[in-house]
Amino acid sequence: MAEMAIKKKRPKNLDLPTIRLPLPGILSIIHRISGAALFLLLPFLLWLFESSLTSAETFASFKAVVDHGLVKIILLGLIWFYMHHFCAGIRYLLLDVDIGVDLKEAILSSKIVFGVSIALTLIVGVQVLW
Amino acid sequence: MVNRILVGAHYGLKDWVIQRATAIVMAVYTVIFLVVIGSVGPDSLESWRGVFAGGFMRFATFLFFVSVFYHAWIGIRDIWMDYIKPDGIRLLLMVATATVLVGYAGWAIRILWRT
Ligand code: HEM
């Protein structure tokens, strides 16, 4: 049964510019990208953490790196990734226990995730980077 | 004959639960961390070290790191399983992922218990 349904020819739309991913879909893909990016940058983050704690010299190099304009931008992006992954993650946990599952709520909660994570990024980013 | 499937989406519920449990640990720690750096940022070495010298923050940070590494293991492995189809490359990437994460765990312990 299931196989028959899958083998049936379905209409395809691969005209990418006309495909519009709904907001929860965008949230989801950024959640995956942010998780992967955080993983890839773990050595950099651990190095920052280590130098911020080890000695006066390493603390000075930590400060110098974090004071660099380009690094600040990267860290701000990373903070946004973290905040998005954090907020979207909590949304997934709520979905797992059946909170906010219907479409209207799912779209609303996606908007909340984007709003809250961007607000948190600005607050925390400004606080720790500038 | 043993027919164990070594690669594939057959790990199941246990990992799903662990990914959620670690997510909750990290979420709670994130709130604690934000509150802490709201008052003590990395402004001077002494005060910043003071934050992690206390037993509670040191242990909470350790728990956070362990959660990050286990959570990232499950998450990244899922990503490899979604996009990398050839078994050999997939297995290689999974082994590499697990290896670096175990290394990071050792590194994190060293950072937290040296200071
Ligand atoms: C407050 C912190 C965090 C929370 C609440 C959280 C929550 C979650 C949740 C609920 C999932 C499962 C999503 C799903 O099954 O669709 C997930 C996936 C994932 N997380 Fe996290 N996470 C956090 C931090 C992190 C960190 C620090 C990393 C990386 C170092 C990370 C990497 C990943 C990856 C790679 C995935 C898999 C993504 C996917 O399959 O699309 N997470 N996270």
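Definitions and cut-offs
- Residues numbered from 1 in each chain as written.
- Chains lettered and ligands numbered in written order.
- Predicted model: local features only at pLDDT ≥ 70, side-chain atom pairs only at ≥ 80, totals over all residues.
- Heavy atoms only, no water.
- UniProt positions renumbered as here; feature names shortened; annotations may be inferred.
- Helix = DSSP H or I, 4+ residues; strand = E, 2+ residues; numbered from the N terminus.
- Buried < 20%, exposed > 50% of the residue type's maximum accessible area, 1.4 Å probe, protein only.
- Contact = heavy atoms within 4.5 Å.
- Areas by Shrake-Rupley, 256 points an atom, 1.4 Å probe, with all protein chains shown as cover.
- Near = heavy atom within 4 Å.
- Polar contact = N/O pair within 3.5 Å; in protein donor to acceptor, adjacent residues only side chain to side chain.
- Salt bridge = Lys/Arg side-chain N within 4 Å of Asp/Glu carboxyl O.

- For chain B, an unreviewed UniProt entry supplies the name Succinate dehydrogenase hydrophobic membrane anchor subunit and the organism Candidatus Accumulibacter meliphilus.
- Its UniProt record gives chain B a comment under Function (unreviewed entry), which states: "Membrane-anchoring subunit of succinate dehydrogenase (SDH)."

- In the annotation of an unreviewed UniProt entry, the entry for chain A reads Succinate dehydrogenase cytochrome b556 subunit, and the organism field reads Candidatus Accumulibacter meliphilus.
- Turning to chain A, the UniProt record has this under Subcellular location (unreviewed entry): "Membrane".
- Recorded in UniProt for chain A, the comment headed Sequence similarities (unreviewed entry) runs: "Belongs to the cytochrome b560 family."

## Observations regarding the overall build of chain B
Okay, step 1: Along the backbone of chain B there are four helices and zero strands.
Okay, step 2: Its helices and strands in sequence order give chain B the pattern α-α-α-α, from N to C terminus.
Okay, step 3: Within the span of chain B, comprising 115 residues, buried residues form 38% of the whole.
Okay, step 4: Considering only intrachain contacts with a sequence separation of at least 6, the fraction spanning at least 24 residues in chain B is 68%.
Okay, step 5: About 6,700 Å² of surface is accessible on chain B, with carbon and sulfur atoms providing 73% of the total.

## Some points on the site of the ligand
Okay, step 1: In the region of the ligand, 20 residues are neighbours, and Arg32(A), His85(A), Phe86(A), Arg20(B) and His71(B) sit closest.
Okay, step 2: The ligand is flanked by residues contributed from chains A and B.
Okay, step 3: Between Arg20(B) and the ligand, the recorded distance is 3.1 Å, taken from a side-chain N or O atom to an oxygen atom.
Okay, step 4: Contact between the ligand and His71(B): a nitrogen atom at 2.7 Å from a side-chain N or O atom of the residue.
Okay, step 5: Of all the secondary structure elements, the ones that give two or more residues to the shell around the ligand are helix H2 (23–40) and helix H5 (69–96) of chain A together with helix H1 (13–39) and helix H3 (55–83) of chain B.
Okay, step 6: Take the shell around the ligand: its biggest share by element is six residues, from H1(B).

## What about the UniProt feature "binding site: a ubiquinone" (unreviewed entry) in chain B?
Okay, step 1: Residues annotated in UniProt with the feature "binding site: a ubiquinone" (unreviewed entry) correspond here to Tyr83(B).
Okay, step 2: With respect to the helices and strands, Tyr83(B) occurs in helix H3.
Okay, step 3: A polar side-chain atom of Tyr83(B) sits 3.0 Å from a polar atom in the side chain of Arg32(A).

## What about the pattern of salt bridges?
Okay, step 1: On inspection of all chains with the given rule, the structure shows seven salt bridges over all chains.
Okay, step 2: Among the salt bridges present, the one from Asp15(B) reaches Arg77(B), with a minimum N-O distance of 2.8 Å. One end of the pair, Asp15(B), is in helix H1; the other, Arg77(B), is in helix H3, with 62 residues separating them in the sequence. Comparing Asp15(B) with Arg77(B), the two get one shared label, buried.
Okay, step 3: Connected through salt bridges with shared partners, the residues Glu50(A), Arg110(B) and Arg114(B) form a single ionic network.

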